[in-house]
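# Structural overview
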Amino acid sequence: MAPIHLAFYVSGHGFGHATRASALTTALLAHGHQVTIITNAPETPFSAVLPHARCTYRRADVDAGIVQPKAYDVARQATVEVLEAFMDKREASLEHEEAWLRANKVQCVLSDATFLGCAAAARAEIPAILVSNFTFDSCYSYLSLAAPPVDSRTAEQPEAPIAESILAPLVAQATADYAHASLLLRYPGAIPIPAFDTDAPLPSGLWVNPTRTAFTDSIETILSRPSSTVPCGSNRRVVDVPLLVRPPSPGVYAESFRHALLKTMHVPPEAFDSKILLVSFGGQSIPRPRSQPPSPLASPIARQGGWNGEDISDRLDPANVRGREAGLLPRGWIAIVCGLSGDNNEIRNNLPEGFYASEKDVYVPDLTATADVVLGKLGYGTCSEVLSCRTPFIYVPRPLFVEEFGLKRLMLARGTAIELDRADFEGGRWELHVLEAHERGRAAKAAARASGFEDEGAGEVLVSEIEKFMLERA
């Protein structure tokens, strides 16, 4: 096929969109296509593709994102204010993007997952392809849902929900913009995408059950139907694709590789063979629990019906569970913390004993493969990497992110994942959950170390679908 010039509009919210866009760009370049990445994310997560002669980076304000005071929190009012400001300049932004697309003879727009990119493609009269597991209109719509009850051990009070009358027109415009995409390449861990799943009701708070632990039965039905039956309209379609993930480096499971990696983070040689907890919370401070009478855990240990329905309570030493305050790390473990860059970093310079900071340019899939357990949030990047490396995962819930329910659904179906309540995370009561996750997932992790990384071939599938789509329109 003749090379295609694609403009890839990538959300700057977090690094998950950028890292998977980089992985897809790698596959597109390998097939001879030209890619211009347009994003408000920094260049760093695209470092693997930007040296390529047929890949360029263009910084632009392509989405509003979500305002987060913490990795697992959303500032509702601040998010809406940023979204309103973005919408106020929408027309000017579209005029600029249309002119750029036409001047640079772009043939197709890819979007992960900006509504502006889809709308700009329509203005420039070129096709748009949405490549994602969710869209931000659902996230904004979810801000009208009342906050869950506050744990009595935290003084923070939940922010009031945003009135549906304020959110509805903003959400409707975003959905209409996404609807300019003719093809949805849907990643695993998906939630309903209103521009395609036109029978999914809004606001998106209607999608979850009263306890906010899972989707409702009706939404489960929507997500479980064949993609060919999604009611997205004529000349539009949905294609489910495999898990796109950045592979770890060759030889990542070799002892020499592990030791060299740990040495870069100033881990002493005597700790090279310790069990490793990877803390994947960029910029999140690490609590320092103090000696005190045992506090009841907000997250129960050895939950029945977990991984494979197995009860492992007899292996977690119940006397330890009842007899003392849980600490940060089990004995014999160390922790590697991601997302701390520079020497003059307050969190980096005040890590507890046994905690080490990764370097800014570390390749995170190598850390995920090396780790025995990962602690983080339910984001696509983390979930895809722990699944591909079969590393047990502990997640702190994000109650105002509706995207989380799709990723939780994915993790429970394909991996080892347990929840750590926010109160336990902030109180530094991690230890017993680390032991539980390790016990539940150690057999699968050992098998991954023995067999090596297994690529699902998502890049090739995605490129094939994009090429087929463009040939149909030729």
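Here the residue index of a chain counts from 1 through its sequence in written order. Two thresholds apply to this predicted model, a pLDDT of at least 70 for residue-level local features and 80 or more for giving and counting side-chain atom pairs, whereas whole-chain, interface and lining totals are computed over all residues. To obtain the side-chain values, all non-hydrogen atoms of the structure were used and water was disregarded.

## Details of the overall build of the protein chain
Helix numbers and strand numbers start at the N terminus; a helix is a DSSP run of H or I with at least 4 residues, a strand a run of E with at least 2. Along the backbone of the protein chain there are 15 helices and 13 strands. Note on definitions: a residue-residue contact is assigned when non-hydrogen atoms from the two residues lie within 4.5 Å. When contacts within the protein chain are restricted to residue pairs at least 6 apart in sequence, those whose partners lie at least 24 apart make up 72%. Working definition of accessibility: Shrake-Rupley area with a 1.4 Å probe, residue cover restricted to the visible protein chains. When the accessible surface of the protein chain is summed, it comes to about 19,600 Å², and 52% of that surface belongs to carbon and sulfur atoms.

## Description of the pattern of salt bridges
A side-chain nitrogen of Lys or Arg and a carboxyl oxygen of Asp or Glu constitute a salt bridge if their distance falls within 4 Å. Going through the model one piece at a time under the given rule, you end up with 25 salt bridges. Close ionic contact of Asp-197 with Arg-225 constitutes a salt bridge, the shortest N to O distance being 2.9 Å. Here Asp-197, found in the loop between strand 6 (183–186) and helix 7 (217–224), pairs with Arg-225, found in the loop between helix 7 and strand 7 (237–240); they are 28 residues apart in sequence, far enough to count as distant. Taken individually, Asp-197 and Arg-225 each receive the classification buried, so the pair is uniform in this respect. We note a salt bridge from Glu-403 to Arg-398, for which the minimum N-O separation is 3.8 Å. Here the term buried applies to any residue with accessible area under 20% of the maximum for its type, exposed to any over 50%, and partly exposed to those in between, with areas from a 1.4 Å probe on protein chains only.

## Notes on helix 8 (residues 255–264)
For helix 8, every residue scored as buried is listed here: Arg-258, His-259, Leu-261 and Leu-262. The buried residues of helix 8 occupy one face: seen down the axis, they fall within an arc of 165°. Across helix 8 from its buried face, at more than 90 degrees, point the exposed residues Ser-256 and Lys-263. Where helix 8 is buried, its residues contact strand 8 (275–280), strand 9 (333–337), helix 10 (364–370) and helix 14 (431–451). Where helix 8 ends, the next residue or the one after it, His-266, has phi of about 65°, a positive value. Note that the arc is computed from the directions linking the helix axis to the C-beta atoms.

## Quick notes on the sheet that holds strand 6
Strands were regarded as paired on the criterion that DSSP finds at least two bridges between them. Here seven strands make up an open sheet; going across it, the order is 3-2-1-4-5-6-7 and the pairing parallel. Here the strands that pair on one side only, and so sit at the sheet edges, are strand 3 (55–59) and strand 7. When strand polarity is set aside, the average angle formed by the axes of neighbouring strands in this sheet is 20°. In the sheet, strand 2 (residues 34–39) pairs with strand 3 via five bridges, with the strands oriented parallel. Note that in strand 3 the partner of Ile-37 across the bridge is Tyr-57. To get an axis, a line is fitted to the C-alpha atoms, and for a helix only the part in contact is used. The angle between two axes follows their N-to-C directions and goes from 0 to 180 degrees.

## Some details on unusual backbone geometry
Cis geometry is adopted by the peptide bond preceding Ala-113, which originates at Asp-112 and carries an omega value of -15°. With respect to the helices and strands, Ala-113 occurs in the loop between strand 4 (108–112) and helix 4 (115–123). Omega for the peptide link from Leu-202 to Pro-203 comes to 5°, which places this bond in the cis form. With respect to the secondary-structure elements, Pro-203 resides in the loop between strand 6 and helix 7. Even without a glycine there, the phi angle at Lys-105 is positive, about 55°. Structurally, Lys-105 can be placed in the loop between helix 3 (90–103) and strand 4.

## Overview of the packing of helix 11 (residues 380–389) against helix 12 (residues 403–414)
Running from amino to carboxyl end, helix 11 crosses helix 12 at an angle of 5°, the nearest separation of the two axes being 11 Å. Here helix 12 runs roughly parallel to helix 11, going by the angle between their axes. Of the residues in helix 12, those in contact with Tyr-380, Cys-383, Val-386 and Leu-387 of helix 11 are Glu-403, Leu-407, Leu-410, Met-411 and Arg-414. Three classes are used: nonpolar for Ala, Val, Leu, Ile, Met, Phe, Trp, Tyr, Cys and Pro, charged for Asp, Glu, Lys and Arg, and polar for all others, with Gly counted as polar. Residue composition of the contact of helix 11 with helix 12, by class: seven nonpolar, no polar and two charged. By definition in this entry, angles of less than 35 degrees are roughly parallel, angles greater than 145 are roughly antiparallel, angles of 65 to 115 are roughly perpendicular, and the rest are oblique.

## Concerning the packing of aromatic side chains
We call Phe, Tyr and Trp rings a pair once their centres come within 6.5 Å, taking the six-membered ring for Trp, and we label the pair stacked below 30 degrees between planes, edge-to-face above 60, and tilted otherwise. By the definition in use, this model includes twelve aromatic pairs. Both rings, one in Phe-86 and one in Phe-115, keep their centres 5.8 Å apart while their planes meet at 85°; by these two values the pair is edge-to-face. Taken as a pair, Phe-86 in helix 2 (residues 76–88) and Phe-115 in helix 4 lie far apart in primary sequence, 29 residues in all. Neither residue differs from the other here; Phe-86 and Phe-115 are each classed as buried. Residues Phe-393 and Tyr-395 carry aromatic rings whose centres are separated by 6.3 Å and whose planes lie at 35° to one another, so their mutual orientation is tilted. In this structure, Phe-393 and Tyr-395 share a single accessibility class: buried. Chaining the aromatic ring pairs together yields one cluster made of Tyr-72, Phe-355, Phe-425 and Trp-430.

## A few points about the nonpolar core
In this structure, Leu-24, Phe-46, Ile-129, Leu-185, Val-267 and Ile-336 are the most contacted members of the largest nonpolar core, which totals 62 residues. Apart from the residues lying within four places of it in its own chain, the contact partners of Leu-185 are Ile-129, Leu-130, Val-131, Ser-132, Val-239, Val-241, Leu-462, Glu-465 and Ile-466. The criterion is simple. A nonpolar core is a set of buried Ala, Val, Leu, Ile, Met, Phe, Trp, Tyr and Cys residues joined through side-chain atoms within 4.5 Å.

## A closer look at the side chain of Asp-73
Among the secondary structure elements, Asp-73 is positioned in the loop between strand 3 and helix 2. Residue classification places Asp-73 among the buried positions, given a relative accessible area of 13%. The term polar contact refers here to a pair of N or O atoms within 3.5 Å; inside protein, the definition further demands a hydrogen-donor-capable atom paired with an acceptor-capable atom, and it admits residues adjacent in sequence only when both atoms are side-chain atoms. Within the structure, the side chain of Asp-73 is placed 2.6 Å from the side chain of Arg-422, a separation counted as a polar contact.

## Topic: the sheet that holds strand 13 (residues 417–419)
As summarised here, the arrangement of the six strands in space is 10-9-8-11-12-13, forming an open sheet in which the pairing is parallel. At either margin of the open sheet sits one strand with a lone partner, and together these are strand 10 (355–357) and strand 13. With strand direction ignored, the average angle separating the axes of adjacent strands in the sheet is 25°. Sheet topology note: the strand 12 (residues 393–395)/strand 13 ladder contains three bridges and is parallel. From the neighbouring strand, Ile-394 faces strand 13, where its bridge partner is Ile-418. Seen against the sheet, helix 11 touches strand 8, strand 11 (373–376) and strand 12 and runs at an angle of roughly 160° to strand 12.

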